[in-house]
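Close look at the chain arrangement
Each chain, letter by letter, is given below.
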Amino acid sequence: MRIKTISRSVDEFTRERSQDLQRVFHNFDPSLRPMEKAVEYQRALTAAKLEKIFARPFVGAMDGHRDGISCMAKNPNYLKGIFSASMDGDIRLWDIATRRTVCQFPGHQGAVRGLTVSTDGNVLVSCGIDSTVRLWNVPRPSLEDSDLSSEKSAEPSAVYVCKNALLAVDHQFEGELFATSGAQIDIWNHNRSQPVHSFKPGNDSVISVRFNPGEPDILAVSSNDRRMIIYDIRMSSAAREIRMQTKTNSIAWNPMEPMNFTGANEDGNCYSFDGRKNEEAKCVHKDHVSAVMDIDFSPTGREFVTGSYDRSVRIFPYNGGHSREIYHTKRMQRVFCVKYSSDATYVISGSDDTNLRLWKAKASEQLGVILPREQKKHEYNEAVKNRYKHLPEIKRIVRHRHLPKPIYKAIAESRAVNNAKKRKDDRRKASSAPGTIVTKPLRTRRIINEREVE
Amino acid sequence: MEVDLEDNNLMENVLPPDEQEIDVELEAKEKKYLRGEGANLESLKDKKLKTQLASREKLYGKSAKAAAKIEKWLLPASAGYLETDGLEKTWRIKQTDIAKEVDILSSRNQYDIVLPDFGPYKLDFTASGRHMLAGGRKGHLALVDMLNMNLIREIHVRETVRDVAFLHNDQFFAAAQKKYAYIYGRDGTELHCLKERGPVARLRFLKNHFLLASVNKIGQLHYQDVTYGDMVASIRTGKGRTDVMEVNPHNGVVALGHSGGTVTMWKPTSQAPLVQMQCHPGPVSSVAFHPNGHLMATSGKERKVKIWDLRKFEEVQTIHGFHAKTLSFSQKGLLAAGTGSFVQVLGDSSGNYSRYMSHSMVKGYQVEKVMFRPYEDVLGIGHSMGWSSVLIPGSGEPNFDSWVANPFETSKQRREKEVHLLLDKLPPETIMLDPSKIGAMRPSRRKEKPTRGEIEAEKEVAIEAAKGVEMKKKTKGRNKPSKRTKKKKEMVENAKKTFPGEEQGNVAGKKRRIGDVDAAELPASLKRFARKN
C-alpha cells in the first residue's frame, strides 16, 4: 500500500523572522475562483467610478500676459520651460513647476504670430505682424537663479526685417535653418539677414509651417486658399499638395510615424493624412463644434491635443475618430494654441483670456513618485476597465463628461441636422437605380483635389 | 516570476519522446487555463478590431502556457494518493492502518472528540480550512483553531441549535437556535438576533455576495446582506417544510430538497424557482454540489444516491445500497456519504463514482454531518457523541493561493482580505445559473411593433380592468348613483380609446376622400361623386 497525504509544516509556509516578508503562494487554477467573471465586472465598475472620483485635470494657470496668447513654443532640451507670446508683442519664458515667468523678451511691436526654438535649445526665433524676425539667446537656467521675484529680460541677438507681415515660423529638426511664412515661404539661416530660399505657393498668404521631425528637409505648409502643401527644400517647387473644402489652421507631424501628419481644419474636424498617399485621409477626428485652431502631438505619437475656437481643449487618439477627453473652464475663452509637454504628462493651452493653463494629460493620473505596487494596481484597473467598457453600466460612467451648454447644444443640433440629411440621402439612394448615387466616405469627401508635382 | 516562452514549433521534430509526452500533458493543462473557446474572428468585418482581438487572443494563449508550466513545475505541494497493489481493496483499509504509514503531522489529524452530553454535532469550516465551528443540538457552540487544535471559544446557549455557519471569516459565525437565528462574534458575544426569519432550520453563507441564506420551519427562504443588514429577499417556496438546503459554490444558487422528492433551485431576485427537478420518489434527504458546479449528488429515503449533471439536468449515475443522511463533495471531487454510524467515500475514476474508502464507527455514534476540510486530506464527521476527523488521502487541494484562502493568515492579512472582499462584493442580481453570461453581450433586437392581435388583447385586458375597478364612495351628498355610473362609463370609454400613434400603419392618418367611399354607401344625392374604378 502506497499512501501520501497533504502535510504542510508551518515553517515552510510562514516567515522565519519578523523582518522577513510574508510568504505568498500562487495557484492559478480557475476552479479555486468561482464567479471570477462577476468579480472582474465588479472591479471594472469600481475602477470606472474611482477614475471619475480622482479626475482632477486642471493643475494651474499661468497669469501674466496682458493680451490674448497667440502662440507657444516648447524647448526640446529643457522640460520645465515653455515660451509663450501674446497679441501685444510680449514674449515670456515660463517655469512650469512654479508657474512663474523666468524671462521676458520685449521688442516686438504688434502681435507675435510665430515662436519656435532651435533643437539645441539655445536660440528662440519669433516673428510678428511688424514684419520682423527676431532671434534671441535663451538664458541657461542655473542653480543660483533661485531668486524668482526678479524677472530677467533679454535683448534680441538679431533682428531681420521683411517686406510683409509674417504669420508663422518653424525651426528645422537637427539643422540650422528655419522657415517663416507670410505672403511667401522663406527659408533662413541663423547668420544671414536675407532668406536663403523662397517658395511662393500662390497668391494667398501661408498661415502655418511645420518641418518634418524624421526628414529634416521636408516641410508642410497650409495656405489661406485651403491647400496643404508639402515642400522639399532641396527642390525648387512643391512636392505634393492637397486642396480641401475649408482651410487648415495648423499642421502637426506624428513624431513616432513621421510620414503621417494631421491638419486642424476650420470646419471643426482634424484630418490625418499619410504623407505618401494623399488621395484620402487616413482618419477623420470629429468632435469639435467650431474651428480647430491648433494641434500638437504627444511625444509617444499615440495621442494629440487640439484647441478650438469653441473654448475647449480635446485630446484625441492618433487613430480614433472621437476624442477621449475634453477640458473646459468657464474662464477659458477661445483657445488659440496648445502644446503637449515633452514627457507626455501635461497639456498646456493658451487662450484669448491672457492665461496659459496647465492640464494633466490623463485626468485621474497620480503624479509624483508611484510605488511599483501602486503602478501595478493602476495598470490592472485600466486593463479590467477596458475589458468591460462596452457594457452599458460601465460605458455610461466612462463616457460621461460634463459639457458646457453651448457645446452641448451645438452637438445636439448638428446631430439632428446630420440625421435628417442622412435620412434624405438614404431615401434618395433607395429610390434610385442601384449604383447611380455613390456616397463618398468622409475621408475623401472633404478633399477637392490632390496632385503630385514633379 | 517571468517565464521565458520561445516559439519551439520548429524544434518539435527534434524533441526526445519523453519531452513530447510532457508537451501533451501541458497542452491538456493549458485548456483549463484558456477557460473556453477563443473568439471567432473570421466573421468580423472591422479590420482594426480584428487585429486588436487577434493580438489579444495570442496573449491569452501565452499566459495559459505560462500558467500550465507553473502548475507543472512550480507548485510547492502535490496531491495525496492511496494506491494498493492488486489484491488489496482500498475500501477495506482502516484508519488505523493508514495511521501507521503516514507521517506524524498527518496522523495528528485523526482523532475522536467525545462529547456525549450535548447531542449530535453539526460542523462548518472556514474557506481556508483553518477554523472549525461545531454546534451541538443541545446548545454547545465551539470555535476551534485546527492548526494548533486550539479551542478559541466555546459557549453554551442553553437552547436547541439546529445549524451553524461561518460568515466571511472566522471573526463571525451564525447559529440557528430554537426561535431565531443569532450572529456571534469570535469571542462569543451575541452581535445580532435575526428575528425576521423565524425558526431557522438550515443556514448557509454565500461568500462572494455576503448573503446569509436560510430556510425556516415554514419553508420560507430568506436572504440577508450581512454587511448592512438589509433583507434582500424573503421567498415563500410554497413546498412546505424542509431542512435540506445547499449552496452551489460555482454560481451561488441555493438548492432546496423537498419531501415530494423535488429539488428546486432559487435565486434572490425571483419569487419562482429557477429549476425544479424530480429527483427521488420519496423525500430528499440531502443534497451536495461538486465545486466545479456541474455535478450534484442527491440522496433519497429509498436508499439510493443519484449523481446529476447540472448542465443537461440529467441523471449520470445511481448508487444503490444505503440511505445517505448527509453528503459532501471534496475539493478534488470525492463524495462522502454518511449513514447511521458508517461513512463511505466514493471517488470518481473516469467519470464513474465507485467505492474508494470507508470508515465505520461504534454503533452509538450516529453520523449527523460529514464535511471535507478545505486544502487538507481530512474529512470531518459530526455525530451524536461529538465529532471525529479521519484521513482521506487525495481529497484536498494541495496548493492554496494566498490571495484566495490562506490557512496561515496573520491578523493583518486577514484585515486586508476583508476589505478586498467587501470591495469585490457582488450584488445579488449576479446570481444566475450560468455565471459566465456576465460580461457577454446580447445581440440588439430592434423593438418589434406589436401585432394587431396583441394590441387588441391588451385593449381587452384594459377594458376588463376598468370594469372591475372599485369606485371610491364619496360623502356629503356627492355620491349620487347617476354620477357614479357616468364616471364608470367614462373609464371604460377611456380604456377602449387607442393612442394616436399606436394604430397599425394604414388605418391611422389616412385621409379619406369622399370619392374613395363606396358608391353603395353614399346617399342617393351624392352618388354622382363616387369614384369610378
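Residues numbered from 1 in each chain as written. Chains lettered and ligands numbered in written order. Predicted model: local features only at pLDDT ≥ 70, side-chain atom pairs only at ≥ 80, totals over all residues. Heavy atoms only, no water.

On a plain count of helices and strands, chain B comes out with seven helices and 29 strands. Relative to the 2.2 N^0.38 estimate, which gives 24 Å for 533 residues, the radius of gyration of chain B is 32 Å and therefore markedly larger than a compact globule would have. Along the three orthogonal principal directions, the C-alpha set of chain B runs to about 120 × 80 × 50 Å. For chain B, buried positions account for 44% of its 533 residues. Total accessible area computed for chain B in this model is approximately 30,700 Å², and 51% of it derives from carbon and sulfur atoms. (Helix = DSSP H or I, 4+ residues; strand = E, 2+ residues; numbered from the N terminus. Rg over C-alpha atoms; globule rule 2.2 N^0.38 Å. Buried < 20%, exposed > 50% of the residue type's maximum accessible area, 1.4 Å probe, protein only. Areas by Shrake-Rupley, 256 points an atom, 1.4 Å probe, with all protein chains shown as cover.)

In this section: the overall build of chain A. Summing up its helical and strand segments, chain A has six helices and 31 strands in all. Over its C-alpha atoms, taken along the principal directions, chain A stretches across nearly 100 × 80 × 45 Å. Here chain A, with 454 residues, has 47% of them falling under the buried criterion. In chain A, once contacts between residues fewer than 6 apart in sequence are set aside, the share between residues at least 24 apart is 50%. As presented, chain A carries roughly 22,900 Å² of accessible surface, and 50% of it is formed by carbon and sulfur atoms. (Contact = heavy atoms within 4.5 Å.)

Before going further, it helps to spend a moment on the nonpolar core. Nonpolar side chains in soluble globular proteins tend to end up buried together. Formed by 28 residues in total, the largest nonpolar core has its most connected members in Leu221, Tyr223, Val254, Met265 and Met296 of chain B. Leave out the neighbours within four places in its chain, and Leu221 of chain B touches Ser214, Val215, Ala233, Ser234, Ile235, Thr237, Met245, Val254, Leu256 and Trp266 of chain B. With 22 residues, the next largest nonpolar core counts Ile3 of chain A together with Val102, Leu334 and Val345 of chain B among its residues. (Core = buried A, V, L, I, M, F, W, Y, C linked by side-chain atoms within 4.5 Å.)

On to the sheet that holds strand β26 (residues 352-360) of chain B, then. Residue and element names in this part refer to chain B. What the four strands build is an open sheet, ordered β23-β24-β25-β26; its pairing is antiparallel. Lying at the two open borders of the sheet, with one neighbouring strand each, are β23 (326-329) and β26. Each strand axis lies, on average, 20° off the axis of its neighbour in the sheet, ignoring direction. When β23 meets strand β24 (residues 335-339), the two strands line up antiparallel, connected through four bridges. (Pairing = 2+ DSSP bridges. Axes fitted to C-alpha atoms, helices over the stretch in contact; angles between N-to-C directions.)

Mapped onto this structure's residue numbering, the UniProt feature "repeat: WD" (unreviewed entry) falls at residues 277-318 of chain B. As annotated, residues 277-318 of chain B comprises 0% helix and 60% strand, and the C-alpha atoms at either end are separated by 16 Å. (UniProt positions renumbered as here; feature names shortened; annotations may be inferred.)

Turning next to the interface of chain A and chain B. Listed per partner, the contact involves 38 residues of chain A and 59 residues of chain B. Taking both partners together, chain A and chain B bury about 4,700 Å²; carbon and sulfur atoms supply 57% of that area. It is Met1, Arg8 and Met35 of chain A in chain A that bury the most area against chain B; as a group they hold 18% of the surface buried on that side. Counting across the interface, chain A meets chain B through seven salt bridges. With its nearest N and O atoms 3.1 Å apart, the salt bridge here joins Arg2 of chain A to Glu83 of chain B. Going through the elements one at a time, β1 (2-4), α1 (10-13), α2 (36-53) and α3 (372-388) of chain A are the ones with two or more residues in the side of chain A that touches chain B. (Buried area = accessible area lost by both parts, 1.4 Å probe. Salt bridge = Lys/Arg side-chain N within 4 Å of Asp/Glu carboxyl O.)

This brings us to the UniProt feature "repeat: WD" (unreviewed entry) in chain A. Residue and element names in this part refer to chain A. UniProt tags residues 62-104, 105-146, 285-316 and 328-369 as "repeat: WD" (unreviewed entry). When the span residues 62-104 is considered, its composition is 0% helix and 56% strand, and the gap between its end C-alpha atoms is 14 Å. Structurally, residues 285-316 is divided into 0% helix and 56% strand, and its ends, taken at the C-alpha atoms, are 7 Å apart.

Quick look at the pattern of salt bridges now. Oppositely charged side chains are able to pair whenever their charged atoms sit close together. Per the counting criterion, the structure on display carries 45 salt bridges over all chains. In this structure, the salt-bridge partner of Arg276 of chain A is Asp274 of chain A, at a minimum N-O distance of 3.1 Å. Measuring nitrogen to oxygen at the nearest pair gives 3.9 Å for the salt bridge that ties Lys306 of chain B to Glu315 of chain B. Because the salt bridges share partners, they merge into one network encompassing Asp29 of chain A together with Lys29, Lys32 and Glu71 of chain B.

This part takes up the environment of Lys138 of chain B. All names here are of chain B. When you line up the elements, Lys138 lands in the loop between β4 (131-136) and β5 (140-145). C-alpha separation for the pair Lys138 and Gly338, spaced 200 residues apart in sequence, amounts to 21 Å. With residues near it in sequence (within four places) discarded, Lys138 still touches Asp117, Phe118, Gly119, His156 and Glu159.

As a further point, take the pairing of strand β14 (residues 185-189) of chain A. Residues and elements named next belong to chain A. For β14, a buried count of five out of five residues is recorded, marking the element as mostly surrounded by other parts of the structure. Here strand β13 (residues 177-181) pairs with β14 via five bridges, running antiparallel. For Phe178, the partnering residue across the bridge sits in β14 and is Trp188. What sits between the antiparallel neighbours β13 and β14 is a turn of three residues. Bridge count for β14 against strand β15 (residues 197-199) is three bridges, and the pairing is antiparallel. From the neighbouring strand, Ile185 faces β15, where its bridge partner is Phe199.

Okay, the UniProt feature "domain: Sof1-like protein" (unreviewed entry) in chain A next. The residues that UniProt annotates with the feature "domain: Sof1-like protein" (unreviewed entry) are residues 361-447 of chain A. Spanning residues 361-447 of chain A, this segment combines 63% helix with 1% strand, and its end C-alpha atoms are found 31 Å apart.

Right, let's get into the layout of surface pockets. Here the idea is plain: a probe the size of a water molecule rolls over the atoms and shows the empty space left. Residue and element names in this part refer to chain A. Within this model, the second largest pocket holds a volume of roughly 1,300 Å³. Forming the walls of the second largest pocket are 47 residues, and the residues nearest its centre are Met72, Asp170, Arg210, Asp296 and Lys339. Contributing elements (two or more residues each) for the lining of the second largest pocket: β3 (69-74), β7 (112-117), β12 (168-171), β16 (206-211), β20 (248-253), β24 (292-297) and β28 (335-340). When its residues are assigned to classes, the lining of the second largest pocket shows 24 nonpolar, 14 polar and nine charged. (1 Å grid on protein atoms, 1.4 Å probe; cavity = no way out; pocket = protein on both sides within 12 Å on 5 of 7 lines; lining within 4 Å. Points joined across faces, edges and corners; volume = space filled by probe spheres on them. Nonpolar A, V, L, I, M, F, W, Y, C, P; charged D, E, K, R; others polar.)

All names here are of chain A. In the contact formed by α2 and helix α4 (residues 392-399), the axes pass within 9 Å of each other and the chain directions differ by 15°. Accordingly, the angle class assigned to the pair α2 and α4 is roughly parallel. Both α2 and α4 take part in a crossing whose hand is left-handed. Listed contacts from α4 to Tyr41, Ala44, Leu45, Ala48, Lys49 and Lys52 of α2 are Glu393, Ile394, Ile397 and Val398. Class assignment of the residues belonging to the contact of α2 with α4 gives a composition of seven nonpolar, no polar and three charged. (Parallel < 35°, antiparallel > 145°, perpendicular 65-115°, else oblique. Left-handed = near helix turned anticlockwise from the far one by under 90°.)

Moving on: the packing of aromatic side chains. All names here are of chain B. For the coordinates displayed, the defined rule picks out 23 aromatic pairs over all chains. Ring centres 6.0 Å apart and planes at 45° place the aromatic pair Phe400 and Phe408 in the tilted group. The buried category is assigned to Phe400, whose relative accessible area is 3%. The exposure class assigned to Phe408 is buried, which follows from its relative accessible area of 7%. (Phe/Tyr/Trp six-rings, centres within 6.5 Å; stacked < 30°, edge-to-face > 60°.)

Next up on the list: unusual backbone geometry. Residues and elements named next belong to chain A. Of note, the phi angle at Ala344 is positive, near 60°, even though the residue is not glycine. Within the secondary structure, Ala344 sits in the loop between β28 and β29 (346-351). Judged by its relative accessible area of 22%, Ala344 is partly exposed.

It is worth spelling out the sheet that holds strand β7 (residues 161-166) of chain B at this point. All names here are of chain B. Strand order across the open sheet formed by four strands is β7-β8-β9-β10, with antiparallel pairing between neighbours. One side of each edge strand has no neighbouring strand; the edge strands of this open sheet are β7 and β10 (190-194). Taking each pair of neighbouring strands and ignoring which way they run, the sheet shows an average axis angle of 20°.

In this section: the state of the cysteines. All names here are of chain A. Across all of its chains, the model carries zero disulfides over all chains by this definition. Between Cys71, a cysteine without a disulfide, and Cys337, which holds the nearest cysteine sulfur, the sulfur-to-sulfur distance is 6.5 Å. Owing to a relative accessible area of 8%, Cys71 belongs among the buried residues under this scheme. Among the cysteines around Cys283, which has no disulfide bond, Cys270 carries the closest sulfur, lying 9.9 Å off. (Disulfide = S-S within 2.5 Å.)

Quick look at the UniProt feature "domain: BING4 C-terminal" (unreviewed entry) in chain B now. The residues that UniProt annotates with the feature "domain: BING4 C-terminal" (unreviewed entry) are residues 355-435 of chain B. Taken end to end, residues 355-435 of chain B comprises 16% helix and 30% strand; its first and last C-alpha atoms sit 32 Å apart.

Let's shift gears to the side chain of Thr119 of chain A. All names here are of chain A. Residue position: Thr119 is located in the loop between β7 and β8 (123-128). Polar side-chain contacts of Thr119 include one of 3.0 Å to the backbone nitrogen of Glu174. In this structure, Thr119 is in contact with Pro76, Asn77, His171, Gln172, Phe173, Glu174 and Gly175, ignoring residues within four places of it in sequence. (Polar contact = N/O pair within 3.5 Å; in protein donor to acceptor, adjacent residues only side chain to side chain.)

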